[in-house]
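Below, each chain spelled out in residue letters.
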Amino acid sequence: MMSDRKRKASSSEEPVCALCGQADVDPDICGHTLFETGIRVHEFCLTSANITAKARPGIEVLPLAAIARKVRQANKKQCCVCGERGAAVTCSETGCARSFHLPCAKDGECITQYFGDYRSFCWEHRPQQATQEAPAEGTICLICLEPVGDSLSYHTMVCPACKHVWFHRGCIQQQALSAGTAYFECPGCRDYILFCEEMSNMGIHIPLRLVSCPVLLTLRLQCWACPGTGSAAMALGCRMTVCPSFMEKLEADMGWMRWDNLGSCAGHTGGSSLPFPALVETHRGRTRSPTNHL
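Residues numbered from 1 in each chain as written. Predicted model: local features only at pLDDT ≥ 70, side-chain atom pairs only at ≥ 80, totals over all residues. Heavy atoms only, no water.

### A closer look at the overall build of the protein
So, step 1. Looking only at helices and strands, the protein features 8 helices and 12 strands.
So, step 2. A fraction of 51% describes how many contacts in the protein between residues 6 or more apart in sequence connect residues 24 or more apart.
So, step 3. Put simply, the protein shows about 15,200 Å² of open surface, and 52% of that area lies on carbon and sulfur atoms. (Helix = DSSP H or I, 4+ residues; strand = E, 2+ residues; numbered from the N terminus. Contact = heavy atoms within 4.5 Å. Areas by Shrake-Rupley, 256 points an atom, 1.4 Å probe, with all protein chains shown as cover.)

Structure follows, in structure tokens:
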């Protein structure tokens with residue numbers, strides 16, 4: 001699925017990523033920039049190219065020889081989306097020779113899975129949801145409340161649990177980035193396990209974090225510590241003083257966290273995060289062990 005438009009050259013004077021040739025990219029797609037000895041690569045460009053950074057205490061060491069080999073290979077491959085060379089991400093389907101730049105994936109309706117082996121798939125071989133029924137006419141995205149259309153597409157997704165809550169891929173991706181692994185769930189039925197598994201498989205990036213500051217402002221309509229109260233959803237945005245029950249519940253579950261640190265990042269749309277607690281988390285009647293990475 002060749003894109004009608006060429007990939008835009010980076011407008012920044014910053015050194016570009018060795019694997020995608022871009023500097024001005026969405027960090028939610030490509031991750032943070034790693035650099036060593038004059039080589040710069042994006043975190044997920046690296047993993048999607050099946051290269052693993054070597055971990056040392058406190059630092060990540062780039063495997064320069066492996067990156068150099070991949071760059072030489074990529075320079076011989078044409079991106080199936082923008083048509084330019086230097087495509088370092090290859091479709092994982094056996095026998096498929098299509099490659100693409102990670103920043104081109106969205107335009108080409110390709111996907112990358114942000115877990116496990118970080119497999120990637122072209123538009124033809126990407127995983128498909130099991131549903132065969134298109135959304136009914138007038139169906140809206142439960143997140144942005146805009147119509148989702150009346151046909152199945154790359155940009156439209158449905159909850160695999162309740163099978164009637166529809167949303168745009170872009171909308172559910174933004175919710176995943178805000179919620180993280182601890183609070184990402186169906187915006188309708190609140191299913192967690194099946195929903196996270198399906199969304200991860202479909203290429204939704206669900207970052208490993210406990211909570212992002214805007215998430216309870218946008219995703220929580222009531223406090224699970226005192227059901228029926230609407231104002232409690234504003235607790236994290238009001239210096240944690242709106243709902244005492246909300247605070248007591250969280251402090252009991254995660255008392256090791258410092259609330260002043262959590263409150264200081266309220267309003268950061270970039271998705272500030274905190275690590276998982278070591279103990280099993282109980283969330284609205286569900287008990288589950290902390291997830292390493294989805």
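### Focus on the pattern of salt bridges
So, step 1. All told, the structure shown has 3 salt bridges when counted by the stated rule.
So, step 2. Here E124 ties to R98 by a salt bridge, and the two come within 2.8 Å at their closest N and O atoms. Separated by 26 residues along the polypeptide, E124 in the loop between strand 8 (120–121) and strand 9 (156–158) and R98 in the loop between strand 5 (89–90) and strand 6 (99–100) bring together distant segments of the chain.
So, step 3. Residue E124 is classed as partly exposed on the basis of its relative accessible area of 43%.
So, step 4. A salt bridge links E109 to R126; the nearest nitrogen and oxygen atoms lie 3.9 Å apart. Remark: R126 occurs in the loop between strand 8 and strand 9 and E109 occurs in the loop between strand 6 and strand 7 (111–112); sequence separation between them is 17 residues. (Salt bridge = Lys/Arg side-chain N within 4 Å of Asp/Glu carboxyl O. Buried < 20%, exposed > 50% of the residue type's maximum accessible area, 1.4 Å probe, protein only.)

### What to know about the side chain of H168
So, step 1. Relative to the helices and strands, H168 is located in strand 10 (residues 166–168).
So, step 2. Engagement of the side chain of H168 in a polar contact is seen with the backbone oxygen of P147, the distance being 3.0 Å. (Polar contact = N/O pair within 3.5 Å; in protein donor to acceptor, adjacent residues only side chain to side chain.)

### Quick notes on the packing of aromatic side chains
So, step 1. As enumerated under the stated definition, the model contains 4 aromatic pairs in all.
So, step 2. Pairing F167 with F195 gives two aromatic rings, centres 5.9 Å apart and planes at 80°, and the pair type is edge-to-face. Linking F167 in strand 10 with F195 in helix 5 (residues 193–201), this pair joins segments that are 28 residues apart in sequence.
So, step 3. Under the relative-accessibility criterion, F167 is labelled buried at 0%.
So, step 4. Plain terms: the ring middles of F184 and F195 are 5.0 Å apart, the flat faces sit at 45° to each other, and that makes the pair tilted. Taken together, the positions of F184 in the loop between helix 4 (169–183) and helix 5 and F195 in helix 5 put the pair 11 residues apart, joining distant regions of the chain. As far as the burial class goes, F184 and F195 line up, both buried.
So, step 5. Following the ring pairs from residue to residue traces out a cluster consisting of F44, Y114 and Y118.
So, step 6. R40 extends its terminal NZ or CZ atom over the ring of F35, reaching a point 4.9 Å from the ring centre.
So, step 7. R169 extends its terminal NZ or CZ atom over the ring of Y154, reaching a point 4.1 Å from the ring centre. (Phe/Tyr/Trp six-rings, centres within 6.5 Å; stacked < 30°, edge-to-face > 60°. Lys NZ or Arg CZ within 6 Å of the ring centre and 35° of its normal.)

### Here we look at the side chain of H101
So, step 1. Inspection of the secondary structure assignment puts H101 in the loop between strand 6 and strand 7.
So, step 2. Given the relative accessible area of 1%, H101 is considered buried.
So, step 3. Of the polar contacts made by the side chain of H101, one reaches the backbone oxygen of R85; its length is 3.1 Å.
So, step 4. A polar atom in the side chain of H101 sits 3.4 Å from the backbone oxygen of G86.

### Here we look at the confidence of the model for the protein
So, step 1. In the predicted model, the protein carries a mean pLDDT of 75, and 65% of its residues have values of at least 70.
So, step 2. Note that pLDDT drops below 50 for residues 218–244; the model gives that stretch 55 contacts with residues more than four away or on any other chain.
So, step 3. Confidence over residues 253–294 falls short of pLDDT 50; this stretch has 92 contacts with residues more than four positions distant or in other chains. (pLDDT = per-residue confidence, 0-100.)

### Some points on helix 3 (residues 64–74)
So, step 1. Buried within helix 3 are the following residues: A66, I67, K70 and A74. With its buried residues spanning 100° around the axis, helix 3 presents them on a single face. For helix 3, the exposed residues set more than 90 degrees away from the buried face come down to A65 and R72.
So, step 2. Residues of helix 3 that are buried make contact with strand 2 (39–42) and helix 2 (43–48). (Arc of directions from axis to C-beta.)

### With respect to helix 4
Helical periodicity: at 3.6 residues per turn, an α-helix aligns residues three or four positions apart in one direction.
So, step 1. Spanning 15 residues, helix 4 covers only 18 Å between terminal C-alpha atoms, well under the ideal 21 Å at 1.5 Å per step.
So, step 2. In terms of residue burial, helix 4 counts as a mostly covered element, since 12 of its 15 residues are buried.
So, step 3. Listed as buried for helix 4 are R169, C171, I172, Q173, Q175, A176, L177, A179, G180, T181, A182 and Y183. (Expected span 1.5 Å × (residues − 1).)

### Topic: the nonpolar core
So, step 1. In this structure, L19, V41, C45, L46, C79, V81 and F100 are the most contacted members of the largest nonpolar core, which totals 31 residues.
So, step 2. Membership of the second largest hydrophobic core comes to 24 residues, among which are V148, C162, Y192 and F195. (Core = buried A, V, L, I, M, F, W, Y, C linked by side-chain atoms within 4.5 Å.)

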